[in-house]
Amino acid sequence: MYDVIIVGARCAGAATALLLARQGVRVLLVDRATFPSDTVSTHLLHPAGVARLRDWGLLDSLLATGCPPIEAISFQPTEDFVLRGAPYAYDGVTMSLAPRRTVLDALLVEAAGAAGVEVREGASLQRVVWEEGRVVGAEFRDGGGVFEERAALVVGADGRRSSVAREVGAEVVRDAGNFGCQFYGYWAGLPDEGAQLFVGGGQAVLAFPTHHGNHLVLVGWPHARFAEVKQDIDHHFLAAVAERAPTVRERLTEDARAGRIAGSGDLSNYIRASSGPGWVLVGDAAMAKDAVTAQGIGDAFAQAQSLADRLPAALGAGPAAVDAALTEHGAERDRAGAVAFETTVAFAMGGSSGELLPLLRAIKGRPDLVSMFYGIYAGRVTMDELVAAAA
Ligand SMILES: Cc1cc2nc3c(=O)[nH]c(=O)nc-3n(C[C@H](O)[C@H](O)[C@H](O)COP(=O)(O)OP(=O)(O)OC[C@H]3O[C@@H](n4cnc5c(N)ncnc54)[C@H](O)[C@@H]3O)c2cc1C
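Positions within a chain are numbered from 1, following the residues in the order the chain's sequence is written. At least 70 in pLDDT is required for a residue's local features to be given in this predicted model, at least 80 for side-chain atom pairs to be given and counted, and no such filter applies to totals for whole chains, interfaces and linings, which use all residues. The side-chain quantities take in all heavy atoms of the structure and omit both hydrogens and water.

- As named in an unreviewed UniProt entry, the protein is NAD(P)/FAD-dependent oxidoreductase, taken from Catenulispora yoronensis.

1. Let's talk about helix α12 (residues 367–377)
Alright, step 1. Exposed residues in this analysis have more than 50% of their type's maximum accessible area, buried residues have under 20%, and partly exposed residues fall in between, with area computed by a 1.4 Å probe over protein chains only. Helix and strand assignments come from DSSP, with helices taken as H or I runs of at least 4 residues and strands as E runs of at least 2, each series counted from the N terminus. Burial runs high along α12: 9 of the 11 residues are buried.
Alright, step 2. Here α12 has its buried residues at Leu369, Val370, Ser371, Met372, Phe373, Tyr374, Gly375, Ile376 and Tyr377.
Alright, step 3. Contact criterion: two residues are considered in contact whenever any of their non-hydrogen atoms come within 4.5 Å of each other. Those residues of α12 hidden inside the fold are in contact with β3 (73–78), β4 (81–85), β11 (195–200), α10 (319–348), α11 (357–363) and α13 (383–390).
Alright, step 4. One or two steps after α12, the chain reaches glycine 379, where phi turns positive at roughly 80 degrees.

2. Concerning the sheet that holds β3
Each strand in a sheet pairs with its neighbour through backbone hydrogen bonds, running either in the same direction (parallel) or in the opposite one (antiparallel).
Alright, step 1. With mixed pairing, 7 strands are arranged side by side in an open sheet as β4-β3-β11-β12-β13-β10-β14. At either margin of the open sheet sits one strand with a lone partner, and together these are β4 and β14 (262–264). Geometrically, the sheet is characterised by an average inter-axis angle of 15 degrees between neighbouring strands, direction not taken into account.
Alright, step 2. Only the stretch in contact is used when fitting a helix axis, every axis being a line fitted to C-alpha atoms; angles between N-to-C directions are given from 0 to 180 degrees. With respect to the sheet, helix α7 (residues 233–244) is in contact with β3, β10 (180–188), β11, β12 (203–209) and β13 (214–222), its orientation differing from that of β13 by roughly 95 degrees.
Alright, step 3. Contacts from α12 reach β3, β4 and β11 within the one sheet, and its direction differs from that of β4 by about 90 degrees. Strand pairing is assigned whenever DSSP identifies at least 2 bridges connecting the two strands.

3. Comments concerning α10
Alright, step 1. The bend reported for a residue corresponds to the angle between axes fitted to the seven residues ending at that residue and the seven starting there. At glycine 337, α10 shows its maximal bend, which comes to roughly 50 degrees.
Alright, step 2. One or two residues past the end of α10 sits glycine 350, with phi positive at roughly 95 degrees.

4. What to know about the domain arrangement of the protein
Alright, step 1. Marked domain ranges trace back to an automatic or database domain assignment. When its domains are assigned, the protein resolves into domain 1 (2–43 + 100–177 + 267–348) and domain 2 (180–264).
Alright, step 2. The gap between the C-alpha centroids of domain 1 and domain 2 is 31 Å.
Alright, step 3. Across the boundary between the two partners, domain 1 contributes 11 residues, which contact 12 residues of domain 2.
Alright, step 4. Interface area for domain 1 against domain 2, summed over the two sides, is near 1,000 Å², with a carbon-plus-sulfur share of 58%.
Alright, step 5. Sorting the residues of domain 1 by area buried against domain 2 places Thr42, Arg100 and Leu267 first, and these three jointly supply 51% of that buried surface. Buried area, as used here, totals the accessible surface that two parts lose on assembly, with accessibility defined by a 1.4 Å probe and the loss added over both.

5. Re the nonpolar core
Alright, step 1. Throughout, nonpolar core names a set of buried Ala, Val, Leu, Ile, Met, Phe, Trp, Tyr and Cys residues whose side chains join them through atoms within 4.5 Å. Among the nonpolar cores identified, the biggest contains 54 residues, and Val4, Leu53, Phe301 and Leu311 are the most heavily contacted of them.
Alright, step 2. Those residues in contact with valine 4 that lie beyond four places of it in its chain are Leu20, Val25, Arg26, Val27, Leu28, Ala151, Leu153, Val155, Leu311 and Leu315.
Alright, step 3. Ranked by size, the runner-up nonpolar core spans 34 residues in total, among them Ala195, Ala204, Leu359 and Tyr377.

6. Brief notes about the sheet that holds strand β15 (residues 269–272)
Alright, step 1. Overall, antiparallel pairing links the 3 strands, which are arranged β9-β15-β18 in an open sheet. Edge positions in the sheet fall to β9 (172–177) and β18 (287–288), since each of these pairs with one other strand and no more.
Alright, step 2. Alignment of β15 against β18, held across 2 bridges, turns out to be antiparallel. Each bridged residue has a counterpart across the sheet, and for isoleucine 271 the counterpart in β18 is methionine 287.
Alright, step 3. Set on the sheet, α10 makes contact with β9, β15 and β18; between it and β15 the angle comes to about 165 degrees.

7. Re the UniProt feature "domain: FAD-binding" (unreviewed entry) in the protein
Alright, step 1. UniProt positions are given in the numbering used here, feature names are shortened, and annotations may be inferred rather than shown by experiment. Under the present numbering, the feature "domain: FAD-binding" (unreviewed entry) in UniProt falls on residues 2–325.
Alright, step 2. Along residues 2–325, the helical share is 29% and the strand share 33%, with 18 Å between the first and last C-alpha atoms.

8. A word on the pattern of salt bridges
Alright, step 1. Any Lys or Arg side-chain nitrogen located within 4 Å of an Asp or Glu carboxyl oxygen qualifies as a salt bridge. Going through the model one piece at a time under the given rule, you end up with 21 salt bridges.
Alright, step 2. Note that aspartate 3 and arginine 26 form a salt bridge whose closest N and O atoms lie 2.8 Å from each other. Note that aspartate 3 is positioned in strand β1 (residues 2–7) and arginine 26 in the loop between α1 (13–21) and β2 (27–31), a separation of 23 residues in sequence.
Alright, step 3. The partly exposed category is assigned to arginine 26, whose relative accessible area is 47%.
Alright, step 4. In this structure, the salt-bridge partner of aspartate 55 is arginine 54, at a minimum N-O distance of 3.0 Å.
Alright, step 5. Overall, arginine 54 belongs to the partly exposed group, its relative accessible area being 32%.
Alright, step 6. Several salt bridges converge on common partners, so that one network encompasses Arg10, Arg101 and Asp105.

9. Looking at the site of the ligand
Alright, step 1. Throughout this document, a residue counts as near a molecule or strand when at least one of its heavy atoms sits within 4 Å of that molecule or strand. As a structural note, the neighbourhood of the ligand is formed by 30 residues, with Asp31, Ser41, Thr42, Asp284 and Ile297 the closest of them.
Alright, step 2. Definition of a polar contact: a pair of N or O atoms within 3.5 Å, with one able to donate and the other able to accept a hydrogen when the atoms are protein atoms, and with sequence-neighbouring residues admitted only if both atoms are side-chain atoms. Within the backbone of leucine 44, an N or O atom sits 2.9 Å from a nitrogen atom of the ligand.
Alright, step 3. Each accessible area is a Shrake-Rupley result for a 1.4 Å probe, and residues are judged covered by the shown protein chains and nothing else. Calculation on the ligand without its partners gives an accessible area of 1,000 Å², and the protein chains cover 92% of this total.
Alright, step 4. Cavity membership is defined here by more than half of the atoms lying within 2 Å of grid points; on that basis the ligand lies in the largest pocket.
Alright, step 5. When contributions to the shell around the ligand are tallied by element, the ones reaching two or more residues are β6 (124–131) and α9 (296–315). Here a cavity denotes a set of grid points, spaced 1 Å apart and computed over the protein atoms alone, in which a 1.4 Å probe fits but from which it cannot get out, and a pocket denotes an open set meeting protein on both sides within 12 Å along at least five of seven lines; residues with an atom within 4 Å of a point are reported as lining. More than half of a molecule's atoms within 2 Å of the grid points is what it takes for that molecule to sit in a cavity or pocket.

Here's what the structure looks like:
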């Protein structure tokens, strides 16, 4: 018997497991993947997410893997205008990071194991187990067959297509639509100029440094172009980079390329019910947003912390106390995530970056306001707050 079973062992699940186990909670963490394992996701982490890793004692280990700090950002909506600045600082942290998921997720799983979590990889959730209207466990299948485990709480940290959400019938309480698609690849030899954003003309190109001396280069399009782009990804990708970011395109030679271009057309924006009797969802299973603002990993960390702040005391006090803690957690999730969700949907729906130009021209040369602009991407500042500060 465990206190908590967590399905999904990446940034939401492994972080939740780690934080609970450090408080003495008996946790089983299960994933069908085996780590290190990649996933379809780019991996920019804003300073708030970096601050969580620092607070959890994992930042130094991550930096030691050769993850380059990102301390400068540039935003280029037209050929002749560049807004240069720094990430929007959070709790003393001024850098962003872009760790490969093969590295970040494995680091979290390893830290969870070191904290006493029982980690089972290569095991897939088959169904949750109910008793008298309450989830009391879960059944899994691995190479050895089917096994069942019991716990006071089952956590669904199993991503957008969450099996836990499906099994418990977690309702989608907000469906804000699917507006974008993104494709990305890795190249060596780009100069380190921090994170570079080239946005306009119905496409966005981003480049930022990551592990192994590589840069991640990404192109985002409206979802309406997904089917066409998929027909010949390399061609459309390189053409978009050539059009929006010619200096980056020059560097994207075949010799410098590390792997194939990957991507996704499922960037839907939704919020699911947070919890019910004996279950709770965290990370993308609970709330997912278009990747345009790169907030999913940081949000998963924030939800892990919120749950870990409320759950351990309740676990010893019985089901009613657990349900009350989960309700509190859900309220915090909605309160903390509201601005970021609405801002992301607004960005994802498009609108011309040209409309922003007068504001960007007004804040150019004012580092605090430029960082506030990047704070909008990080979900920490609203456009109204920036406009008011710039007035
Ligand atoms: C193209 C793209 C680009 C993105 N770029 C960024 C970015 O730059 N920055 C950012 O912060 N976010 C980005 N995101 C979002 C980010 O990837 C997610 O928010 C984040 O991965 C959510 O983490 P998670 O732990 O909730 O779920 P996931 O990372 O989806 O992990 C879920 C885990 O659950 C496991 N699982 C699923 N079903 C089962 C089952 N039945 N049994 C056992 N295990 C199961 C899976 O194997 C997986 O390991 C991007 C997403 C996409 C698609």
